[in-house]
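Structural overview
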Amino acid sequence: MVGAGVLSLPSAMAGLGWGPGVVILVLSWVTTLYTLWQMVEMHEMVPGKRFDRYHELGQHAFGEKLGLWIVVPQQLICEIGVDIVYMVTGGKSLQKIHDLVCQKSCKPMKTSYFIMIFASVHFVLAHLPNFNAISGISLAAAIMSFSYSTIAWVASVEKGVQKDVQYGYKGTTSAGTVFNFLNALGDVAFAYAGHNVVLEIQATIPSTPEKPSKGPMWKGVVVAYLVVALCYFPVALIGYWMFGNAVDDNILISLNKPTWLIVAANMFVVIHVIGSYQLYAMPVFDMIETVMVKKLRFKPSRLLRFIVRNVYVAFTMFMGITFPFFGALLGFFGGFAFSPTTYFLPCIIWLNIYKPRKFSLSWITNWMCILLGILLMVLAPIGGLRQIILNAKSYGFYS
């Protein structure tokens, strides 16, 4: 549940300001916990049947064809978007480790090379067969994410409030301030990304009519969200408090000392995003291979699997090298891809299937989540896209 998006939360706070920032952080946490509860409940709402994929749930709610067209494109954009961002995250963390360890004794290397080094691991891991095969990697990733989040805020406290710290908006114009605010909304949305694979994870839990899978799954979700709160809120609030609006879009880039601790934190980030990349890539592999075998009549073989997975890893690596803008990518994908699948699509499915009474608590809650999610989806990508364009102006592509 704890994604690398946590590292951008102090930067998001700088774009939002103290008041709106705290409100949006808390509101996002509560909203996404509610929509996650809905998905866990809907996994086995039809007796004797389990919806093991997000699109299966969509098909049950909207019909065979429409459900597929509503859910699958959003899911794909979301999962591919995360993997592109994680390519950039892994590469930049490796670069930070290199720069801190070497200091002045090594020649500087371009970010592109570090992204390639990070991608090389995935050309191997992409051939693991299923979710259970990556459970060990996932456990390591979970421990790492909690560790580097803790290091980020503890090291920030150790560094102390910076001289001439400023908490005002960074934008020099009203338009710049508004666009930064919109980009920050996307940064927050990106941090909540577990919904896209939650049904696949629940599908691995044994279930009987007496003991349905939603029991242990919901306990897992509650524990996960408590850990999310312990990671997200201290990093966001303390990081912003110490650095103000001068904080980097990745808090670990703002920190340099103690050197060994920041090197360890960046190494934890690398290990974490290795596991998380695979978690989001698995459903994409599954989807592509299913389409190629069932629709395009390819023969299921190791060669097909080898080509599909390597091409996918190469594609995400290429996109990461082309647009290595961590904060801007988070803002864009957070709004464009994560808002629908995380904030309001579960609510639309819930309203469509359970049909709560008009103006009942359930009806009002779901419509509030839908309105919040749609606003996020429309507004956040505008800020993210503007930030990508601004970064691209001063960036030498493939130089």
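Residues numbered from 1 in each chain as written. Predicted model: local features only at pLDDT ≥ 70, side-chain atom pairs only at ≥ 80, totals over all residues. Heavy atoms only, no water.

1. Overview of the overall build of the protein chain
Heads up, the condition is: Note on conventions: DSSP H or I runs of at least 4 residues are helices, E runs of at least 2 residues are strands, and numbering of each starts at the N terminus. Here the globule rule reads 2.2 Å times residues to the power 0.38, and the radius of gyration is calculated from C-alpha atoms. Throughout, exposure labels follow a simple rule: accessible area from a 1.4 Å probe, protein chains only, divided by the maximum for the residue type, with under 20% read as buried, over 50% as exposed, and the rest as partly exposed. Residues count as neighbours in contact if any of their non-hydrogen atoms are within 4.5 Å of one another. The Shrake-Rupley method, run with a 1.4 Å probe sphere, supplies the accessible areas, and residue values consider only the shown protein chains as cover. Only four residue types enter the charge count: Lys and Arg as positive, Asp and Glu as negative, with His and the chain ends excluded. By convention, the charge on Lys lies at NZ, on Arg at CZ, on Asp at CG and on Glu at CD.
What the protein chain contains, in helices and strands, is 14 helices and zero strands. Along the protein chain, helices and strands appear, N-terminal first, in the series α-α-α-α-α-α-α-α-α-α-α-α-α-α. Whereas a compact globule of 399 residues would reach a radius of gyration of roughly 21 Å, the protein chain reaches 21 Å, a difference of no more than 12%. Buried positions account for 53% of the 399 residues belonging to the protein chain. Partitioning the contacts of the protein chain with sequence separation of at least 6, the portion at a separation of at least 24 is 84%. Carbon together with sulfur atoms contributes 70% to the accessible area of the protein chain, which is approximately 18000 Å² in total. Considering the protein chain, the positive charge centre built from 28 side chains and the negative charge centre built from 17 side chains are found 4 Å apart.

2. Regarding a nonpolar patch on the surface
The cut-off we apply is this: The patches reported here contain residues having more than 30% relative accessible area and no salt bridge. Joining distances are 9 Å for like charges and 5 Å for nonpolar side chains (Val, Leu, Ile, Met, Phe, Trp, Tyr). Should a side-chain nitrogen of Lys or Arg be within 4 Å of a carboxyl oxygen of Asp or Glu, the pair is scored as a salt bridge.
On the surface, Trp-18, Val-22, Val-26, Val-30, Val-161 and Trp-241 cluster together to form a nonpolar patch covering roughly 510 Å² of accessible area. Ranked by the residues each element gives to the nonpolar patch, the list is headed by helix 2 (residues 18–42), at four residues. With respect to the helices, strands and loops of the structure, Val-161 is situated in the loop between helix 6 (135–159) and helix 7 (174–191).

3. Here we look at the packing of aromatic side chains
Heads up, the condition is: The aromatic pairing rule takes the rings of Phe, Tyr and Trp, using the six-membered ring of Trp, and pairs them if the centres are within 6.5 Å, calling planes under 30 degrees apart stacked, those over 60 edge-to-face and the rest tilted.
Counted under the stated rule, the structure contains nine aromatic pairs. Geometrically, the ring pair formed by Trp-37 and Trp-350 is tilted, given 5.3 Å between the ring centres and 45° between the ring planes. Here the residue Trp-37 occupies a position in helix 2, and Trp-350 occupies one in helix 13 (residues 326–354), the gap between them amounting to 313 residues. Each member of the aromatic cluster is reached from another via a ring pair, and the members are Tyr-34, Trp-37, Trp-350 and Tyr-354.

4. Let's talk about the UniProt feature "transmembrane region" (unreviewed entry) in the protein chain
Inclusion rule: UniProt positions are given in the numbering used here, feature names are shortened, and annotations may be inferred rather than shown by experiment.
UniProt records the feature "transmembrane region" (unreviewed entry) at residues 16–37, 111–128, 134–155, 221–243, 263–285, 306–326, 332–354 and 366–389, using the numbering of this structure. End C-alpha atoms of residues 16–37 are separated by 28 Å, and the span's content is 95% helix alongside 0% strand. What you have in residues 332–354 is 100% helix and 0% strand, and the ends, taken at the C-alpha atoms, are 32 Å apart.

5. Points about the pattern of salt bridges
Under the defined criterion, the tally for this structure stands at four salt bridges. Residue Asp-286 is joined to Arg-53 by a salt bridge in which the shortest nitrogen-to-oxygen separation is 3.1 Å. Placement of Asp-286 in helix 11 (residues 259–294) and of Arg-53 in the loop between helix 2 and helix 3 (54–62) is noted, with a sequence separation of 233 residues between them. Taking relative accessible area as the criterion, Asp-286 reaches 31% and is therefore assigned partly exposed. Notably, a salt bridge pairs Arg-309 with Glu-289, separated by 2.8 Å at the nearest N-O pair.

6. Things to note about helix 4 (residues 64–102)
Selection rule: Given a helix with a known number of residues, its expected span is that number minus one, times 1.5 Å.
Helix length check: helix 4, at 39 residues, gives a terminal C-alpha distance of 56 Å against a target of 57 Å (1.5 Å per residue), a fit within 8%. Of the residues flanking the end of helix 4, it is Gln-103, one or two places downstream, whose phi is positive at about 50°.

7. Let's talk about the nonpolar core
To keep things clear, this is the line we draw: Residues belong to a common nonpolar core when they are buried Ala, Val, Leu, Ile, Met, Phe, Trp, Tyr or Cys residues joined through side-chain atoms within 4.5 Å.
If you look at the biggest cluster of nonpolar residues, it comprises 108 residues, and the most contacted ones within it are Tyr-192 and Tyr-232. Each residue touching Tyr-192, except ones within four places of it in the same chain, is listed here: Leu-25, Ser-28, Trp-29, Thr-32, Tyr-225, Val-228, Tyr-232, Phe-338, Thr-342 and Tyr-343. Residues Phe-344, Cys-347, Leu-351 and Cys-369 belong to the second largest nonpolar core, which totals seven residues.

8. Re the environment of Trp-218
Within the fold, Trp-218 resides in helix 9 (residues 214–243). A relative accessible area of 28% means that Trp-218 is categorised as partly exposed. Taking C-alpha positions, Trp-218 is 6.8 Å from Val-40, a pair spaced 178 residues apart along the chain.

9. Digging into the confidence of the model for the protein chain
What counts, and what does not: Confidence of the predictor in every single residue is expressed as pLDDT, which spans 0 to 100.
Per-residue confidence for the protein chain averages 83 on the pLDDT scale, and 95% of its residues sit at or above 70. Confidence scores differ between elements of the protein chain, with helix 10 (residues 251–254) showing the lowest mean pLDDT of 77 and helix 2 the highest of 90.

10. Observations concerning the side chain of His-122
In this fold, His-122 is placed in helix 5 (residues 111–125). For His-122, a relative accessible area of 0% gives the class buried. When neighbours within four sequence positions are excluded, His-122 is seen to be in contact with Met-87, Val-273, Ile-274, Tyr-277, Gln-278 and Val-313.

11. Side note on the packing of helix 2 against helix 9
Convention followed: Note on geometry: axes are lines fitted to C-alpha atoms, helical ones only across the stretch in contact, with angles between N-to-C directions running from 0 to 180 degrees. Working rule for angles: under 35 degrees goes down as roughly parallel, over 145 as roughly antiparallel, 65 to 115 as roughly perpendicular, anything else as oblique. Crossing handedness: left-handed means the near helix sits turned counterclockwise from the far one by under a right angle, and right-handed means the same turn made clockwise. Ten residue types, Ala, Val, Leu, Ile, Met, Phe, Trp, Tyr, Cys and Pro, are classed as nonpolar, four, Asp, Glu, Lys and Arg, as charged, and the remainder, Gly among them, as polar.
Between helix 2 and helix 9, the least distance of the axes is 11 Å, while the angle of their chain directions is 170°. When the axes of helix 2 and helix 9 are compared, the pair comes out roughly antiparallel. The handedness of the crossing between helix 2 and helix 9 comes out as right-handed. Residues Trp-18, Val-22, Leu-25, Val-26, Trp-29, Thr-32, Leu-33, Leu-36, Trp-37, Val-40 and Glu-41 of helix 2 touch helix 9, and the partners they reach there are Lys-214, Met-217, Trp-218, Val-221, Tyr-225, Val-228, Ala-229, Phe-233, Ala-236, Leu-237, Tyr-240 and Trp-241. Looking at the contact of helix 2 with helix 9 residue by residue, the classes come out as 20 nonpolar, one polar and two charged.

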